[in-house]
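Each chain is listed here by its residues.
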Amino acid sequence: MKKVIIIGGGLAGSEAALQLAKREIYVDLYEMRPNKETGAHKTENLAEFVCSNSLGSYDITNASGLLKHEMEELGGELIKIVFETQVPAGGALAIDRELFSQKVTQKIEENQYINIIREEITEIPTDTPVIIASGPLTSDSLSNNIKEFLGEEYLHFFDAIAPIIEKDSIDFEKAFYLNRYNKGDADYINCPMNKEEYEKFYNILINAPKIELKSFEKNAKFFESCLPIEVLASRGVDTLRYGPLKPVGLVDERTGVENYAVVQLRQDNKSASLYNLVGFQTNLKWGSQKELLQSIPGLENVSIVRYGVMHRNTFINSPRVLNPTLQSRKNPNIFFAGQLTGTEGYTESIASGLLAGINMARYINEKELIELPQETILGALTHYISFEGHTSFQPINSNWGILAEMEMDKKTRKNKKLKNELLANRATNTLKKFIEEHK
Ligand SMILES: Cc1cc2nc3c(=O)[nH]c(=O)nc-3n(C[C@H](O)[C@H](O)[C@H](O)COP(=O)(O)OP(=O)(O)OC[C@H]3O[C@@H](n4cnc5c(N)ncnc54)[C@H](O)[C@@H]3O)c2cc1C
């Protein structure tokens, strides 16, 4: 009998279970609730939405919307229940979350291929096919065991993330490429500030409201080298100028002047369409982050694809341990899915459960696993998280910047709506063709 163990009956685990069952593969689905709580879930239902009831946009010219369309194309099961339980929410796709998780639970309970076991798994069973989908609040014992399996440095518990922005939105009349002391290739993008600009930036930063940490996050410990920028700033007006905004060795050749402070941006993806702000991990409210970034010379029209956040979020260092098929590199029996892989958000978690389910079924049936093309948003996400070139990996949600480059003229590139339409059309056509070829 073909059988898979799934750890975690959340969004990813539930989708993966239904994908396997659809392919007549038996599943033991382990869910630790209600015997053991996560601190955020409130019911004992499977596939519970822990916070907001919105999955974001369904518009195909929005990256998250495109991901939903791709899930439908790939035969997603939870997305169908999303539509059955939809509530009006303007442009967003929102659900009655109680009804949604009740329906998912019922569908899984009634499925003859799936056996729900209400127990905590504390050790990964390595000699049988397993999908680990235990989420951002994975229990401590299992986290320790994942750490043992992958290696100490490959499991993280907290995000302290710096914003990621689109290169296309940077004004290069002001910003310039240069590495500190002119070493090596000019990999970094630098945004220079004079004294007045720095003081304006500092004032916004020091007065900006912060996001409250949840009770189970209050004991969060951050490394001194990874402190939020607002914490550094609170130590004194010049602390940042001797830290991440240090101007020495970054003279703009065009002016020959050493600036008062410099914000550095580091390449974040292979195609160099995304950059992160060095040392800008932050817990500021998103509106304030935008205002802060827009005050930096060169970033007045910044397009932020990922805001800085700090929250409890268990995730593996996917670039070191995972393939874009979601299979672990260390043991082919073991797949990871959901937020644990470093994709972030409800839609992304369901989508990665879908791919893990499809690929696990292929693995069991001894078929070649699928790597979705990087022209599709799900393919781009799975390639992003498994890209070995990341120097410091942080979770990401769906955004246009991670898709494979597309040739287009400068005028089209500047027209966001048109650009997104072209990218979405390409994604849809590529996925249709891919599915046809892999039927
Ligand atoms: C507090 C919080 C708020 C969030 N808010 C949002 C939001 O508003 N919008 C958004 O898009 N995303 C949000 N997220 C991020 C993310 O989308 C959700 O966490 C999403 O549910 C992740 O899906 P998942 O399947 O990976 O994990 P989950 O849905 O959390 O599922 C994992 C399951 O595994 C179970 N489990 C854990 N350890 C074990 C074990 N050892 N044995 C057996 N079972 C186990 C858990 O009980 C849980 O049911 C939030 C995350 C958190 C932590």
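Residues numbered from 1 in each chain as written. Predicted model: local features only at pLDDT ≥ 70, side-chain atom pairs only at ≥ 80, totals over all residues.

On to the pairing of strand 11 (residues 189–193). By the criterion of burial, strand 11 is predominantly enclosed, with 5 of the 5 residues buried. Every second residue of strand 11 is oriented toward a common face, with Ile189, Cys191 and Met193 on one face and Asn190 and Pro192 on the other, all of them buried. With 2 bridges connecting them, strand 10 (residues 176–177) and strand 11 associate as antiparallel partners. Bridging from a neighbouring strand, Tyr177 pairs with Ile189 of strand 11. Inspection of the sheet shows strand 11 paired to strand 12 (residues 261–267) by 5 bridges, in the antiparallel sense. By the bridge assignment for strand 12, Ile189 is matched with Leu265. (Buried ≥ 20, exposed ≤ 12 C-beta atoms within 10 Å, placed from the backbone. Helix = DSSP H or I, 4+ residues; strand = E, 2+ residues; numbered from the N terminus. Pairing = 2+ DSSP bridges.)

This part is about the sheet that holds strand 13 (residues 274–277). The strands making up a sheet associate through backbone hydrogen bonding, with each pair oriented either parallel or antiparallel. An order of 10-11-12-13-9-14 is seen for the 6 strands of this open sheet, with the pairing classed as antiparallel. At either margin of the open sheet sits one strand with a lone partner, and together these are strand 10 and strand 14 (304–306).

Now for the sheet that holds strand 4 (residues 86–87). The antiparallel open sheet is built from 3 strands, whose spatial order is 3-5-4. With one partner strand each, in any of the chains shown, strand 3 (54–57) and strand 4 form the two edges of the open sheet. The pairing of strand 4 with strand 5 (residues 92–95) spans 2 bridges and is classified as antiparallel. Opposite Gln86, over in strand 5, you have Ile95 as the bridge partner.

The next point concerns the site of the ligand. Around the ligand lies a shell of 33 residues, among which Gly8, Gly10, Cys51, Gly135 and Gly338 are the nearest. Of all the secondary-structure elements, those providing two or more residues to the shell around the ligand are helix 1 (11–22) and helix 10 (346–364). In terms of residues, the shell around the ligand owes the most to one element, helix 1, which gives 3 residues. Counted by class, the shell around the ligand contains 15 nonpolar, 15 polar and 3 charged residues. (Near = placed C-beta within 6 Å. Nonpolar A, V, L, I, M, F, W, Y, C, P; charged D, E, K, R; others polar.)

This part is about the domain arrangement of the protein. Along its sequence, the protein is carved into domain 1 (3–159 + 311–437) and domain 2 (164–308). For domain 1 and domain 2, the distance between their C-alpha centres works out to 31 Å. Residue-level contacts link 15 residues of domain 1 with 13 residues of domain 2. A per-class count over the side of domain 1 that touches domain 2 returns 6 nonpolar, 6 polar and 3 charged. (Domains from an automatic or database assignment. Contact = placed C-beta atoms within 7 Å.)

The next subject is the packing of helix 1 against helix 10. Where helix 1 meets helix 10, the closest approach of the two axes is 7 Å, and the angle between their N-to-C directions is 35°. When the axes of helix 1 and helix 10 are compared, the crossing they make is right-handed. Contacts from Leu11, Ala12, Gly13, Glu15, Ala16, Gln19 and Leu20 in helix 1 reach Tyr346, Ser349, Ile350, Ser352, Gly353, Leu354, Ala356, Gly357, Ile358, Met360 and Ala361 in helix 10. When its residues are assigned to classes, the contact of helix 1 with helix 10 shows 11 nonpolar, 6 polar and 1 charged. (Axes fitted to C-alpha atoms, helices over the stretch in contact; angles between N-to-C directions. Left-handed = near helix turned anticlockwise from the far one by under 90°.)

Attention now moves to the pairing of strand 5. The side-chain alternation of strand 5 yields one buried face, formed by Leu93 and Ile95, and one unburied face, formed by Ala92 and Ala94. Bridge count for strand 3 against strand 5 is 2 bridges, and the pairing is antiparallel. Residue pairing in the sheet places Ser54 in a bridge with Ala94 of strand 5. Here strand 4 folds back onto strand 5 in antiparallel fashion, the turn holding 4 residues, of which Gly90 has a positive phi close to 60°.

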